[in-house]
Structure formats: structure tokens, C-alpha cells
Amino acid sequence: MAGVTGLTFLALCLPLLGALLSPFVIRRLGASGVWLLAAVPFLSFLHFLRFIPGVARGEVVTGGYSWVPSYNLSFSWFFDGLSLTFALLITGIGTLIVLYAGGYLKGHPQQGRFFSFIFLFMGAMLGVVVSDSFLMFFIFWELTSITSFLLIGFDHEREAARRAALQALVVTGGGGLCLLAGLLFLWNITGVTQMSLLSPFGDVVRGSPFYLATLGLVLCGAFTKSAQFPFHFWLPNAMEAPTPVSAYLHSATMVKAGVYLLMRLNPVMGGTPAWEILLPFFGGMTLVAGSALAIAHADLKLKLAYTTVSSLGLLVLLTGFGSEFAIEAAVLYLVAHSLFKGALFMIAGVLDHETGTRDITKLGGLLSAMPLTFAIAILAAISMGGLPPFFGFLAKEEIYAALAGGNLRSLVFTAVAIFGNALMFAIAFSVGLKPFVGQAAETPKHPNEAPVLLWLGPGILAVLGLAGALFSGITHHYVSSPMASAVQGDAIDVAISPMPHLGLPLALSVLTVILGVAVYWKIELARALMVSFLQAAGPGPDRGFDSFIAGLVRLAWRVTRIVQPGRLEIYVTCTFVCLALILLVPPLLYGELPSFPVWPRGVQLHEWAIFLLAVIGLAAVLCARDRLTAIISLGIQGFSVALIFLLFGAPDLSFTQFMVETLSVVILALVMTRLRLSPTDPRPLRQRLGDGSIALACGLGFALLLMRATEGPFNAALTDFFNTHSKTIAHGANVVNVIIVDFRGTDTLGEIAVVAITGLAIIALIRMRAGGERKLVAPDPDRVEATE
């Protein structure tokens, strides 16, 4: 088991290792280095393949390392049917994406940086789907947001790329904070911090008074990550990233993280009215909005991006629908979508790379120039369209078997699914067929067949979409059934085959195809109608995001003007007011005031003399005519305190106090020689009375705190500890020195660092003052040359 755990840990860390090696490999080996880099995720893929037989038998592979045992925190992972399928998709498709990116970005000056980002993204997503502990899951969840920010904004010189990256980070990062709160709720309700231990607590979670709050927070995190309505706008904008990023992000990784979370928590939080209302509702809204918006665009990547939004909505709808058939349909469609969407995105990149455009209205007649690309595109389009004998057909049949029914709820969501699938059928063939047929169009570049690195990835994915259906028995045994069982929380045996069966699901599939063909036939009219509708509808959530950010900036500016007006006097006053409230209010509220003696007892005459000296020093400060006199008078109080320390048996502390006071007075006096030393206090009487009241309140608060503290019994535990161990551990007889240098060595080092940095800053200011004085001379108009 230790060997398996070590190898699994290595397989999980390989993408992070690839991120470190990528710039070096590309710089040394050039374009051929992508084959070496592709071996990194492929090795992880091969390792995860070893788990398939055991997981198919119902086993769960776990492992990890304890991190903070006292808080039950660990760096742990587990593989069941759900997490293993995602891990295989991430590493398998990731291998193909690395190869594809090697061809697509060949010769790019920042290719090494790109591969570092893509490997970081791969490692973060892999961590999300295999994490067992809540903390590990959340850390990787947020890492996906950060790394996707880097990838979307890879071409950072373009404003559109920077805006899209920031938008994705704000939306998904904000949702991540909600998810953190939801996970804390789950921890509080169940008392466990691991995903694999949640299943027995399903009834506890669903019966908790905090269930709705937990559900809302979890859904906020999942919906923002998986671009559910009304957070769907960030995903199409992420198309500003290079096409390899789009293909990877939409097929196997980040956008499905929210769906993964909902599937993972379905056995624990599913089965309630709230779950079965909210998920289908928002999923259905997302399905309709994404499909309709996809029709309105002519850019191949944007069309595919909006269909990804609709597909994610369909997955959320099925996950929350509340039946075994719906779970089976969700599992099948998730796998099918990963295969055909990854292939079609890479095909869109191939067309852009070889023709110079992604505008579908400017593409046509490419069959003769790019026959292999056409073959791959049409295979992927058939699967996306849900035609037999492809895996997409199995998923669509199971969708209609799950949704079809006689009640109003089933009728509504069946109609939503037919509408969305029909539009996705039309878009699939718009991308996979339309650019290759018809009259040849003039393109910015002369079209040619793509090199092997560009067609290898989409070709493998398209063929897998066919092979997975033709050998559906094997696919279901090793992939679909274990995955569906993990999502449902009970054993499920998926048995659908690619052979069409007469019945209502097939009839609904035929209806979907007929509607899809009709839309494809009139695709230009459909696009014009959708564009007109969007113009009439006005600004959408994307513009709303800009308004939100602008309002947030204005609010921050106004708040900053209030709390940071730029006057040190206001900052100091607020600080001391808060300090006075903290010192005085709690003792008054909770009756913790000290008992006041009528007269201090045991105070000797020379001690009274020192106290009197301190009071005289205070009076001298208040009555000083200029600042220099006030500074020198202030030192009298410091020396008085040092004498008290000396009288009470603390010579080291007294010596330190003498040194600090002497240096403070000398340094302040030297500084004041460069400033105006009078008048000493320009404040009006009203302000002086207010400031004096605040000062008296702070002094009274400290006095009451110290008096209350000294009334309690003295705890000599620390004294005994230092007296016992100072000689034996630190080899020092002076206990005070040992405490400062050894037991509080880090604290002392920090203080020394602060003093050193302050000294350097003072030296820099003095040098600037000495060398920066220049005479300001008015320019001579006769010698000024006009420039334009």
C-alpha cells in the first residue's frame, strides 16, 4: 500500500513537475520538446488506468499523508468511479492538448511559459477531483481559478484578454469564497473533514437547520465555476485564451469542476425539494440561454463556448432531477461531451490556424483541401448531434428516458431538453460540416491539411466517441456504471446500447434531429433573428459585470476618501479612541473594575519622589513653549520609569529603558532641528480639550487594566520554567538575557530587523534631502524650443 501511495502521490505531482521543466525543455529542445512534455501527463494517465479494474468491482483507492492530526487535516485522496473518470479525462485529454499546443503555438516566443501554465492548471484540476480532505479540495479549487486567470490572460498585451481573465477570476474566485463557507457548514454539521466520510451523514445534513444555507453556499460555488445562469457570461469571454486552452478548459477541466462538486455531494445533499427544484431550474435556464446565444454568433469558438454553457446546464439539470435514469444520463453525457467538445474545439483551432479565420460566414468548400480534418470534424459533430452509433446518441437516449413523463414537471424539462439539443445539433453541424461544403470561400491564408500534432488529438477523441459506443458493454462496465454508482451513492448498472430501441426516447430523439436539421437549414435566418432579439433585449449580464466593477471602484474610492483622508492626526485620533473604548467599555459592562484602595500602602518616601519627578516631567511637557523643550521634558518620564525598574530589582530592564530614552531624545532633537520648533501647539482650545480627554481615557484604561491584573494571584509557572531551564537549555545565568536572546529569539530578531529597516529608511531620506535640493529656475522664454 505504501508503494501504491507513493506512486499515486508522484502521479499527482507530475503536472507540477512538468510546469517547472517546461521552459527549460522548450528552450533546449524546441518544438520537438512537446513529445517529452506530453509524456508527463501520459505517465499519470497510465498510473490511473491501473485503478480501473478495482474501481469497477466497487473498490475505493485511498491514500495520503497526515498534515495536522489534531484538527483532522490531511493531504489525502481517494479514487472511486467519479474521481477516477475525471482523473483519466484530465490526464488523457491533457496529453493530447500538450501535443496539440506544440503544433498550434509552434515558434511562439512564450511557448515555455504557456506550457508551465497549462501544467499548473492540469495539476490544480487533478487535485480538485481526487482530493479527499475539504481543505485540500478548496486549495486546489482556488488554484484552478488562479491558473485559468493566467491562461485566459496569456496574451496579456490585449485588453480583451486581460478583461476576460479578470472577469473569470472575480466570478469564480467570489464563488470559491462562498464554497469555503459551505464546506465549513458541512464540517460543523457532520464533524468530518473528508469527502469519503460524508455519505453516512446524508440524513444528518438534509435534516440540519443549516441545510438551506449550506446548499445556497455550495450552489454559489458550483454555479460560478460551471457558468450557470446568471453567471454564464464569463465562460464565452474566456475564448480570448489560445485555442488549446479553450479546448482543454471546455472539455475536461475547470468548467466541469462545479458539476463534479454537485455530483460528489448528490448522495449527501440530494433528494430534497430544494435540490430538485433549484438545480433543474437553473440548469434548464442555462441550457436554453446557452443554446440560443450560440446561434447568434458566427465565430466558431464562441459558438462552441456557448454550447458548452448549455451542456453544463443540461448536466446540472440531470444531476438535480432526482432519478437513477437522470444520473445515468448525466454520466453518459459528461463523458460524451468531453470527447466531442474537445475534438471540435481543436478542429476550430485547426481551421483558424490553416485558413486565418474562425468566422463561419467566411468559410466554405474546404473538403478538397482538408479531407482529414473534415473526417474528424464530422465524426465529432455526429456525436454532438446525438446520432447513432456514437456515444452522444447513448447519452441523448438516456436523457429522454430520464426526463420523459406524464406530469407537468417532466413535460416542461423534456421540452427544454428538446429545444437545447436541437439547437446544439444545428451548431454541431455548423462547425463540423458547413466550413467544408458548398462553394469555396476566399480565406486570409491558403488552406492546407494540418500537421500531425494538430489533427492527432481531435482524431483520437472523435474515434473514442465512436469506439465507446460500439463497445458500450466494456465502457459501461469500467466507466459509466462505476461513475453513476458513485454519483447516486448506490450501485447502478448502466446498460444502454447504441442500437436504437423503439419507444418514447427514440421518438423524442427523432423530433430533436428534425428540429435541428430545420435550424441548420435556415441557420442564417436563425442567427439574424437571435441578433435582433438580443439587441432588443438590451445589455446582458456581461455589461452588468462591468457596471458592478465600476460601481465597486467608485464605492472603494469614496470609502477610502473617508477612512484615509491623508491626515496623520485623524489616524492617530481614531487609533487612540478605539484603544480607550477597548480598555474602558468591557470592564464597565462585565464588572471587572479593580477595587480602589483609599490610600496606597507600602510606598516609601524616595518612591514618592520618583513619582513626583514623573509628574513634573508631564507638567513640563504640557507647559513647554516649543517642541524641543517638550521632547527633552518627555525624557524625564522615561528616566523616572527606568528608576522604578531599578528600585524593584530589574537592572537589565532599567538599563534598556535608560538607553532607549536617551537615544529617543537625542534622535528626536536632531530631527527637530530641521523643522520649525515653534509654536509648540497650534491647535485651538476645543481640539486640545478633546485630545486631552482621549489621552486621559487611554491612561485611565491602562491604569485600571494593570490594577485589575495585579489584584489576581500571581502565576509563577513561567517564572519557574525560565529559572529551571535557562541554565540547562540556554546555558545562561542571566534569565532576562536568556529570555530575550533564546526563548524569544525570533521576536528579538524581528525587532532588530524593524530597527535596521527603519535606520536604512532614515539614511535614504537624509541622502535624498542632502542631494535633492535643487534651485527652481524659471525657464527662459527666449531659449524654449517649440515641439510637437
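**Some points on the state of the cysteines**
Logical step 1: Overall, the coordinates contain 0 disulfides when judged by the stated rule.
Logical step 2: We note that Cys178 lacks a disulfide partner, and the nearest cysteine sulfur, in Cys220, lies 3.4 Å from it.
Logical step 3: Cys698 takes part in no disulfide bond, and the closest cysteine sulfur, belonging to Cys578, lies 9.8 Å away.
Logical step 4: The buried category is assigned to Cys698, whose relative accessible area is 6%.

**Focus on the confidence of the model for the protein chain**
Logical step 1: In this model, the protein chain carries an average pLDDT of 86, and 94% of its residues clear a pLDDT of 70 or more.
Logical step 2: With pLDDT under 50 throughout, residues 773-788 is counted as low confidence; its partners more than four residues away or in other chains account for 1 contact.

**Some thoughts on empty space enclosed by the protein**
Logical step 1: Applying the stated criterion across every chain yields a total of 2 cavities of 30 Å³ or more.
Logical step 2: In this model, the largest cavity occupies a volume close to 90 Å³.
Logical step 3: Every residue lining the largest cavity is listed: Tyr333, Ser383, Met384, Gly385, Gly386, Gly392, Ala395, Lys396, Ile399, Asn421 and Met424.
Logical step 4: Of all the secondary-structure elements, those providing two or more residues to the lining of the largest cavity are α16 (371-385), α17 (391-403) and α18 (408-432).
Logical step 5: Among the elements that line the lining of the largest cavity, the one with the most residues is α17, at 4 residues.
Logical step 6: When its residues are assigned to classes, the lining of the largest cavity shows 5 nonpolar, 5 polar and 1 charged.

**Description of the pattern of salt bridges**
Logical step 1: The final tally for this structure, using the stated rule, is 13 salt bridges.
Logical step 2: Measuring nitrogen to oxygen at the nearest pair gives 2.7 Å for the salt bridge that ties Arg264 to Asp80. On the criterion of sequence distance, the pair formed by Arg264 in helix α12 (residues 257-269) and Asp80 in the loop between β2 (73-79) and α4 (81-104) is long-range, its members being 184 residues apart. For the pair shown, Arg264 and Asp80 are each scored as buried.
Logical step 3: With its nearest N and O atoms 3.0 Å apart, the salt bridge here joins Arg708 to Glu592. Of the two residues, Arg708 is situated in helix α28 (residues 685-711) and Glu592 in the loop between α24 (568-590) and α25 (605-623); the sequence distance between them amounts to 116 residues.
Logical step 4: When its relative accessible area of 33% is taken as the criterion, Arg708 is described as partly exposed.
Logical step 5: Owing to a relative accessible area of 38%, Glu592 belongs among the partly exposed residues under this scheme.

**Concerning the environment of Leu646**
Logical step 1: Within the fold, Leu646 resides in helix α26 (residues 627-647).
Logical step 2: Measuring from C-alpha to C-alpha, the distance between Leu646 and Gly153 comes to 64 Å, with 493 residues separating the pair along the chain.
Logical step 3: Apart from the residues lying within four places of it in its own chain, the contact partners of Leu646 are Pro651 and Ser654.

**Observations concerning the environment of Ile376**
Logical step 1: Structurally, Ile376 can be placed in helix α16.
Logical step 2: The class of Ile376 is buried, set by a relative accessible area of 6%.
Logical step 3: Taking the C-alpha atoms as reference, Ile376 lies 8.4 Å from Gly432; in sequence the two are 56 residues apart.

Cut-offs and rules
- Residues numbered from 1 in each chain as written.
- Predicted model: local features only at pLDDT ≥ 70, side-chain atom pairs only at ≥ 80, totals over all residues.
- Heavy atoms only, no water.
- Disulfide = S-S within 2.5 Å.
- Buried < 20%, exposed > 50% of the residue type's maximum accessible area, 1.4 Å probe, protein only.
- pLDDT = per-residue confidence, 0-100.
- Contact = heavy atoms within 4.5 Å.
- 1 Å grid on protein atoms, 1.4 Å probe; cavity = no way out; pocket = protein on both sides within 12 Å on 5 of 7 lines; lining within 4 Å.
- Points joined across faces, edges and corners; volume = space filled by probe spheres on them.
- Helix = DSSP H or I, 4+ residues; strand = E, 2+ residues; numbered from the N terminus.
- Nonpolar A, V, L, I, M, F, W, Y, C, P; charged D, E, K, R; others polar.
- Salt bridge = Lys/Arg side-chain N within 4 Å of Asp/Glu carboxyl O.

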